[in-house]
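Architecture at a glance
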Number of protein chains: 2
Amino acid sequence: MSTAVILVSGGLDSCVTAAIAARTHELAFLHLNYQQRTQERELRAFNALADHFDVSQRLVVDVGFMQQIGGSSLVDSALPIPTVEESGVPSTYVPFRNANLLGIGVAWAEVLNADAVFIGAHQEESAYPDCRREFIEAYNQMVDTGTRPETHLRISAPLIALDKAGIIKEGLQLQAPFNLTWSCYKSEDMACGRCASCRMRLGGFAAHHIQDPIPYQREA
Amino acid sequence: MSTAVILVSGGLDSCVTAAIAARTHELAFLHLNYQQRTQERELRAFNALADHFDVSQRLVVDVGFMQQIGGSSLVDSALPIPTVEESGVPSTYVPFRNANLLGIGVAWAEVLNADAVFIGAHQEESAYPDCRREFIEAYNQMVDTGTRPETHLRISAPLIALDKAGIIKEGLQLQAPFNLTWSCYKSEDMACGRCASCRMRLGGFAAHHIQDPIPYQREA
């Protein structure tokens, strides 16, 4: 099997993405610390998922520049994390985040001679400009022109057309270990249940009338 | 004047690029440390150039992931720096380097509300896949799709069609401060005069029958 680099935040989307990629590829897991509020909890989830999928090639890199650059409530503690829906691009948008994460993934993939980089982006988050299909397509064009001639690798975003309920359905079919994941933007012990990320996740489980296996501070 | 982010390594190309951008933009200088061999010397050149161009917005970021990922003689001290021409992509190629540098530049530009990111890439180095015009064009497409709808910024590579002699000619016309720059891949006090980067630079000055103002270990 050829190798694929999987961008693994430790959340539900990257868990299902890894389960999909595992059917066709040997997995190499890449995690980025960008001094987000829940950095330690996410790293713990990353390693638990890597253990589950028996992944030996793991790379954790610090991308502190995202905090130096700022501009997002996820990395700037002076900005509040929203709990109500925002119009336009949300304050949690980290400028050009997916482009930067994919760039690191492609560099590592080129060294590993991998043929794919998987990312769990999906259009339900399309208020984020870098979570849309057209962004992934444009990124692939750019990768073709910017890597060695002998490098042939594709960005794969298998969840791109799904909503959270669809992602959970896919994960249930693949027996993805939801219990090992972490999604909350605010809290590291019990998920807050109120931030935008918790709300989307809880809404996805509710659509299937099943219980989210991770602990919450209060029932949503 | 609108703002432009300039990728400034401290070398000759970024010096001339800054001189070009200064005619139309307020400058914001971005420098990346990737634990390359001559990191300290390059940072000194970066700050000297920023002083010369009277730039107050300076951002220096560590991109240690390039060394973690490896795959290039520029960041892996186990690999020798070549002094003779190599066929194909040179060993000094850092995987997907320009894509990663531009990604950080675009993120900062989006926060600064800048309308351009300038890079000194040029096709003479086209053995590097990410120094070609088609790469810059594909990158621009990707930026359009991956940033906020209200963000309108372009990657500008004004040296793309020039060779080293053409870049030096352009710099002479703009009175670019060549004496403040550093290009050598190997040495931090006197340039080695033998590495691929020194050779290209010396060849460019020789084409104009003028002396390179920086000190060399030996006459080339």
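Below: a short report on this structure. Quantities reported herein were computed from a predicted structural model and do not represent experimental measurements. (Residues numbered from 1 in each chain as written. Chains lettered and ligands numbered in written order. Predicted model: local features only at pLDDT ≥ 70, side-chain atom pairs only at ≥ 80, totals over all residues.)

Another point: helix α1 (residues 12–21) of chain A. Judged by how many residues are buried, α1(A) sits mostly within the fold: nine of 10 residues are covered. Within α1(A) the residues assigned to the buried category are A:Leu12, A:Asp13, A:Ser14, A:Cys15, A:Val16, A:Thr17, A:Ala18, A:Ala19 and A:Ala21. (Buried ≥ 20, exposed ≤ 12 C-beta atoms within 10 Å, placed from the backbone. Helix = DSSP H or I, 4+ residues; strand = E, 2+ residues; numbered from the N terminus.)

Now for the interface of chain A and chain B. On the side of chain B, 35 residues touch chain A, which itself brings 36 residues to the contact. If you list the elements that add at least two residues to the side of chain A that touches chain B, you get β3 (57–62), α3 (65–69), α4 (97–112) and α5 (133–146) of chain A. When residues of the side of chain A that touches chain B are assigned to their parent elements, the largest contribution, 10 residues, is made by α4(A). Considered class by class, the residues forming the side of chain A that touches chain B number 19 nonpolar, 11 polar and six charged. (Contact = placed C-beta atoms within 7 Å. Nonpolar A, V, L, I, M, F, W, Y, C, P; charged D, E, K, R; others polar.)

Laying chain A over chain B is done by rotating through 180 degrees and shifting 0.0 Å along the axis; what remains is an RMSD of 0.0 Å. Expressed as a symmetry operation, the mapping of one chain copy onto the other fits a two-fold axis. When C-alpha positions in chain A are compared against the rotation axis, the closest is assigned to A:Asn100, at 3.2 Å. Mapped onto chain B, 97% of the interface residues of chain A again fall at the interface, so both copies present the same surface. (Least-squares fit on C-alpha atoms with pLDDT ≥ 70 in both.)

So, about the pairing of strand β1 (residues 3–7) of chain A. All names here are of chain A. Burial analysis of β1 places four of its five residues in the buried class, which makes it a mostly covered element. In this fold, β1 hands off to α1, which returns the chain to strand β2 (residues 26–33); that crossover is right-handed. Summarising the sheet, β1 and strand β4 (residues 116–118) pair through three bridges and their orientation is parallel. When the bridges of β4 are listed, Val5 appears paired with Val117. (Right-handed = clockwise from strand over helix to strand, strands pointing away. Pairing = 2+ DSSP bridges.)

A few words on the sheet that holds β4(A). The strands that make up a sheet pair up through hydrogen bonds in the backbone, lying either parallel or antiparallel. Residue and element names in this part refer to chain A. Spatial ordering of the open sheet is given by β3-β2-β1-β4-β5, a layout of five strands whose pairing is parallel. Edge positions in the sheet fall to β3 and β5 (154–156), since each of these pairs with one other strand and no more. The sheet shows a mean angle of 25 degrees between the axes of neighbouring strands, direction not considered. Here β4 runs beside β5; their pairing, made up of three bridges, is parallel. Residue pairing for β5: Val117 is matched across the bridge by Ile155. Here α4 sits on the sheet and contacts β1, β2, β3, β4 and β5; the angle it forms with β1, its principal contact strand, is near 160 degrees. (Axes fitted to C-alpha atoms, helices over the stretch in contact; angles between N-to-C directions.)

Turning our eyes to something else, we now look at the nonpolar core. Of all hydrophobic cores here, the largest spans 131 residues; its most connected members are A:Ile6 and B:Ile6. With sequence-adjacent residues up to four places away left out, A:Ile6 is seen in contact with A:Ser14, A:Thr17, A:Ala18, A:Ala21, A:Leu27, A:Ala28, A:Phe29, A:Leu30 and A:Phe118. (Core = buried A, V, L, I, M, F, W, Y, C linked by C-beta atoms within 7 Å.)

On to the packing of α5(A) against helix α5 (residues 133–146) of chain B, then. Here α5(A) crosses α5(B) at 165 degrees, and the two axes come no closer than 8 Å. The angle between α5(A) and α5(B) places the two elements in the roughly antiparallel class. In this structure, α5(A) crosses over α5(B), and the sense of that crossing is left-handed. Facing α5(A), whose interface residues are A:Glu134, A:Phe135, A:Ala138, A:Tyr139, A:Gln141, A:Met142, A:Thr145 and A:Gly146, α5(B) presents B:Glu134, B:Phe135, B:Ala138, B:Tyr139, B:Gln141, B:Met142, B:Thr145 and B:Gly146. A breakdown of the residues in the contact of α5(A) with α5(B) according to their chemical character gives eight nonpolar, six polar and two charged. (Parallel < 35°, antiparallel > 145°, perpendicular 65-115°, else oblique. Left-handed = near helix turned anticlockwise from the far one by under 90°.)

With that settled, the discussion passes to the pairing of strand β2 (residues 26–33) of chain B. The two faces of the sheet receive side chains in turn, since in a regular strand these alternate between them. Residues and elements named next belong to chain B. Most of β2 sits inside the fold, with six of its eight residues counted as buried. Here strand β1 (residues 3–7) pairs with β2 via five bridges, running parallel. Pairing of Thr3 across the sheet is with Glu26, part of β2. In this structure, β2 lies alongside strand β3 (residues 57–62), joined through six bridges in parallel fashion. Residue pairing for β3: Ala28 is matched across the bridge by Gln57. Handedness of the crossover joining β2 and β3 through helix α2 (residues 39–52): right-handed.

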